[in-house]
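Summary of structural features
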Amino acid sequence: MKGQWVEIEFDCLPLRSVSRLDAPLDASPAYEQFVQRVKAAMKKHGTHNTYYLHRCTCVFHLTNATNRGEIAFEFEGTALTGEEDRKTRSVDLTVKLLRETCGWLSQPIVDFFAESVQHAVLVEFDRYIEAGDLSKTEARMQKLAEENELGQGFVGMYL
C-alpha cells in the first residue's frame, strides 16, 4: 500500500506583485487582518523573492486508518527563495493545531509536529517551484500589469 504521509495545501501570493497596502473601505474585518499580516511580512522580509502563503493546511498521517492517527495544522507566513527563485531558503510561518485523531497525542508531540510543518513546507515549496506554478503566476501578473498600463484600470491585490 502506497500513501501520502504529508498533505500540504496553500495559496501563494508573490509579495512583489502587491501594489497596494490598504484594504478597501468595505473590506471584512478578516480581510483587513489579512492585509495587515501581508503588510507585516513585507516589512519584515521585503518583497524580492518573498511569497506569502495563506489558506494553508498540513496534515500528517501516522496510521493507515482514515479516522485514527491524523494531525492537521493550519499555517500562514512567508517562503523566501534564492536570487533566481529556484530553491526555498527559509520559511517564517505561524502554525496552529487544526484537528487531530490521535488519542495518544501530548503537547510535546504537538510541538514537534508544529516544527515539522516548517520543514515539510520547505520541501513542498521547492516542489511548487519545480512544477512551474511560480512562472505561471509571474506570467499572469505580468499580463495584468501590462493591461493596467494600457489604461484598463487598477489591477492588484484584490483580485
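The preceding data block contains the structure.
Given the structure is predicted, the values throughout are model-derived calculations rather than measurements. (Residues numbered from 1 in each chain as written. Predicted model: local features only at pLDDT ≥ 70, side-chain atom pairs only at ≥ 80, totals over all residues. Heavy atoms only, no water.)

**Remarks on the pattern of salt bridges**
Counted only if it meets this: One speaks of a salt bridge when a side-chain nitrogen belonging to Lys or Arg is within 4 Å of a carboxyl oxygen belonging to Asp or Glu. Per the convention used, a helix needs a DSSP run of H or I reaching at least four residues, while a strand needs a run of E reaching at least two, with both numbered from the N terminus. We call a residue buried when its accessible area falls under 20% of the maximum for its residue type, exposed when it is over 50%, and partly exposed in between, using a 1.4 Å probe and counting protein chains only.
On inspection of all chains with the given rule, the structure shows 8 salt bridges. With a shortest N-O distance of 2.6 Å, Arg55 and Asp11 are connected by a salt bridge. Taken together, the residues span a long stretch of sequence, with Arg55 in strand 2 (residues 50-61) and Asp11 in strand 1 (residues 6-14) at a distance of 44 residues. On the basis of relative accessibility, which here comes to 64%, the residue Arg55 falls in the exposed class. Judged by relative accessible area, Asp11 falls into the partly exposed class, the value being 31%. Across the pair Arg37 and Glu76 runs a salt bridge whose closest N-O atoms are separated by 2.5 Å. With a gap of 39 residues between them, Arg37 in helix 1 (residues 29-45) and Glu76 in strand 3 (residues 70-81) connect regions that are remote in the sequence.

**Regarding the packing of aromatic side chains**
Note the threshold: Only the six-membered ring of Trp is used, alongside the rings of Phe and Tyr, when aromatic pairs are assigned; centres must lie within 6.5 Å, and planes under 30 degrees apart are stacked while those over 60 apart are edge-to-face, with the rest tilted.
For the structure shown, the criterion picks out 9 aromatic pairs. Measuring from ring centre to ring centre gives 5.9 Å for Phe10 and Phe125, while their planes differ by 35°; the resulting arrangement is tilted. One end of the pair, Phe10, is in strand 1; the other, Phe125, is in helix 2 (residues 107-130), with 115 residues separating them in the sequence. When sorted by exposure, Phe10 lands in the same class as Phe125, which is buried. Measuring from ring centre to ring centre gives 5.9 Å for Tyr31 and Phe34, while their planes differ by 40°; the resulting arrangement is tilted. Of the two residues, Tyr31 and Phe34 are both situated in helix 1; the distance of 3 residues between them amounts to about one turn of the helix. In this structure an aromatic cluster arises from ring pairing among Phe10, Tyr51, Phe125 and Tyr128.

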